[in-house]
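If you want the building blocks of each chain, they are given just below.
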Amino acid sequence: MELTTAYLDFALDPAERDGVRAHLACCEGCRRYVEQLRASIRALGDPPPEKLPADVRDRLLSAFRERRRT
């Protein structure tokens with residue numbers, strides 16, 4: 001899974017990427033898996049960041065400030 005994610009994120013060096021491509025060319029199961037992941041990524045898109053409730057945000061900021069003082 002980690003290698004597949006790196007492949008889809010373009011995080012592999014050229015030799016590793018070529019190795020994954022070669023494997024996908026001859027392995028139907030892995031090729032299908034990568035296509036399913038790509039379809040999921042397209043369907044889900046990039047979700048917007050979640051907003052923290054104001055009270056949680058305030059408590060976190062206070063904790064960070066307090067920690068910085070120590």
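Our subject is the structure listed above.
Residues numbered from 1 in each chain as written. Predicted model: local features only at pLDDT ≥ 70, side-chain atom pairs only at ≥ 80, totals over all residues. Heavy atoms only, no water.

**Overview of the overall build of the protein**
- For the protein, the helix and strand inventory stands at 4 helices and 0 strands.
- Taking 11 Å as the expected radius of gyration for a compact globule of 70 residues, we find that the protein reaches 20 Å, considerably beyond that expectation.
- If one aligns the C-alpha atoms of the protein with their principal axes, the spans along those axes are about 55 × 30 × 15 Å.
- Across the 70 residues in the protein, those meeting the buried criterion constitute 14%.
- Counting every atom, the protein has about 6,200 Å² of accessible surface; 57% of that belongs to carbon and sulfur.
- Across the protein, 13 positive and 12 negative side-chain charges occur, with their mean positions spaced 6 Å apart. (Helix = DSSP H or I, 4+ residues; strand = E, 2+ residues; numbered from the N terminus. Rg over C-alpha atoms; globule rule 2.2 N^0.38 Å. Buried < 20%, exposed > 50% of the residue type's maximum accessible area, 1.4 Å probe, protein only. Areas by Shrake-Rupley, 256 points an atom, 1.4 Å probe, with all protein chains shown as cover. Lys, Arg positive; Asp, Glu negative; His and termini not counted. Charge placed at Lys NZ, Arg CZ, Asp CG, Glu CD.)

**Regarding unusual backbone geometry**
- Positive phi values are uncommon outside glycine, yet phenylalanine 10 reaches one of about 60°.
- Within the secondary structure layout, phenylalanine 10 lies in the loop between helix H1 (2–8) and helix H2 (14–26).

**What to know about the pattern of salt bridges**
- If you walk through the whole model with that rule in mind, you get 5 salt bridges.
- Across the salt bridge formed by aspartate 18 and arginine 21, the nearest N and O atoms sit 3.7 Å from each other. One end of the pair is aspartate 18 and the other is arginine 21, both in helix H2 and 3 residues apart, which spans about a single turn.
- With a relative accessible area of 47%, aspartate 18 lands in the partly exposed category.
- When its relative accessible area of 42% is taken as the criterion, arginine 21 is described as partly exposed.
- The salt bridge involving glutamate 35 is made with arginine 38; its shortest N-O contact spans 2.8 Å. Linking glutamate 35 with arginine 38, this pair stays in helix H3 (residues 28–44), spanning 3 residues, or about one helical turn. (Salt bridge = Lys/Arg side-chain N within 4 Å of Asp/Glu carboxyl O.)

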